[in-house]
Amino acid sequence: MQVEALQMTPVQMTGESHLGETTPKEEAKSFGDCLIDALKETNALQHRSDELNEALAAGRIDDVSQVVIASEKAEIAMQLTMQVRNRAVEAYQEISRMQI
């Protein structure tokens, strides 16, 4: 008598749940993609702030508050970016100091 190997077939759920467990989940972005998006947004805020500063210097803007708000947004975004960078560098250094 010959014994054959057990063959498993994947089971797929076909029913739908009212709780939402069977809804297809969106693919999560990787950390690198999130970081790139954040850097692009920070860069865009910096460029917008520069444009408004140039427009203010040229006399094309009457409302100074727009320029101040754009500058503060750019400054806060830059500070956040630098803090994330510092934390990532600290984490890398901590991992590199670990003994295996």
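Our structure's up above, just so we're on the same page.
Residues numbered from 1 in each chain as written. Predicted model: local features only at pLDDT ≥ 70, side-chain atom pairs only at ≥ 80, totals over all residues. Heavy atoms only, no water.

Undergrad: Could you give an account of the pattern of salt bridges, with specific residues and numbers?
TA: When the charged atoms of two side chains lie near each other, side chains of opposite charge can form a pair. Scanning the entire structure with this criterion turns up two salt bridges. A salt bridge links D37 to K29, with the shortest nitrogen-to-oxygen separation between them at 2.4 Å. Under the relative-accessibility criterion, D37 is labelled partly exposed at 37%. (Salt bridge = Lys/Arg side-chain N within 4 Å of Asp/Glu carboxyl O. Buried < 20%, exposed > 50% of the residue type's maximum accessible area, 1.4 Å probe, protein only.)

Undergrad: Before we move on, can you summarise the nonpolar core with the specific residues and values?
TA: Listed in full, the five residues of the largest apolar core are L52, A55, I61, V67 and A70. Of all the secondary-structure elements, those providing two or more residues to this core are α1 (31–58) and α2 (64–97). In this structure A55 touches R60 and I61, once residues within four positions along its chain are discounted. (Core = buried A, V, L, I, M, F, W, Y, C linked by side-chain atoms within 4.5 Å. Helix = DSSP H or I, 4+ residues; strand = E, 2+ residues; numbered from the N terminus. Contact = heavy atoms within 4.5 Å.)

Undergrad: Describe in detail a nonpolar patch on the surface, supporting the description with residues and values.
TA: A contiguous nonpolar surface patch, about 480 Å² in accessible area, is contributed by F31, L35, L39, L80 and V84. Of all the elements in the fold, those that place two or more residues in the nonpolar patch are α1 and α2. Per element, the largest residue contribution to the nonpolar patch is three residues, and it comes from α1. With respect to the helices and strands, L35 occurs in helix α1. For L35, a relative accessible area of 35% corresponds to the partly exposed category. (Patch = residues over 30% accessible without salt bridge, like charges linked within 9 Å, V, L, I, M, F, W, Y side chains within 5 Å. Areas by Shrake-Rupley, 256 points an atom, 1.4 Å probe, with all protein chains shown as cover.)

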